[in-house]
Amino acid sequence: MTHSLSLYDISRAPGIAANMSHVATAGEVNGYILEKLGNALQGTKIVIIAAGVPQKPNIAWVDLFNTNVPIIRDLTQAIGEDTPEAHILITSDPVNSTISIVTEVLKKASKFNPAKVW
């Protein structure tokens, strides 16, 4: 059972959290915006990174990479600092590259555990 769900987004997370809080469960739902990333990560056991833009037919791979990788890098640095024991699931495109970025950022911070990066 999930006791708490923290949502983080640069703008829309509080509204989405309010909508999700109406689901009939005992857990609480909180939404955090840009400057509250540390609060969103506090005590987190699983982090799902679905950040950035999705791949579209008219977006070149290098443009997708250049857009999404800085976002993934910054989120991973915060995870390493605020909740280094969390499992991390990466769904952001290009996945093969974003997983490598997550791995390298965590290694640099001496927080990498290969069993916790999916």
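Cut-offs and rules
Residues numbered from 1 in each chain as written. Predicted model: local features only at pLDDT ≥ 70, side-chain atom pairs only at ≥ 80, totals over all residues. Heavy atoms only, no water. Patch = residues over 30% accessible without salt bridge, like charges linked within 9 Å, V, L, I, M, F, W, Y side chains within 5 Å. Areas by Shrake-Rupley, 256 points an atom, 1.4 Å probe, with all protein chains shown as cover. Salt bridge = Lys/Arg side-chain N within 4 Å of Asp/Glu carboxyl O. Helix = DSSP H or I, 4+ residues; strand = E, 2+ residues; numbered from the N terminus. Core = buried A, V, L, I, M, F, W, Y, C linked by side-chain atoms within 4.5 Å. Buried < 20%, exposed > 50% of the residue type's maximum accessible area, 1.4 Å probe, protein only. Contact = heavy atoms within 4.5 Å.

As recorded in an unreviewed UniProt entry, the protein goes by the name malate dehydrogenase, listed as coming from Hydnum rufescens UP504.

**Q** Outline a nonpolar patch on the surface, supporting the account with residue identities and numerical values.
**A** A grouping of L5, I16 and M20 is seen on the molecular surface, where their side chains present a nonpolar patch of about 210 Å² in accessible area. Turning to its location among the elements, I16 is positioned in helix α1 (residues 13-20).

**Q** Give me the nonpolar core: which residues, what numbers.
**A** Ranked by size, the top nonpolar core spans 15 residues in total, and within it L41, V47, I49, I79, I88 and V102 carry the most contacts. Ranked by the residues each element gives to this core, the list is headed by helix α3 (residues 61-82), at four residues. Apart from the residues within four sequence positions on either side, I88 is in contact with V47, I49, I79, V102, L106, K116, V117 and W118.

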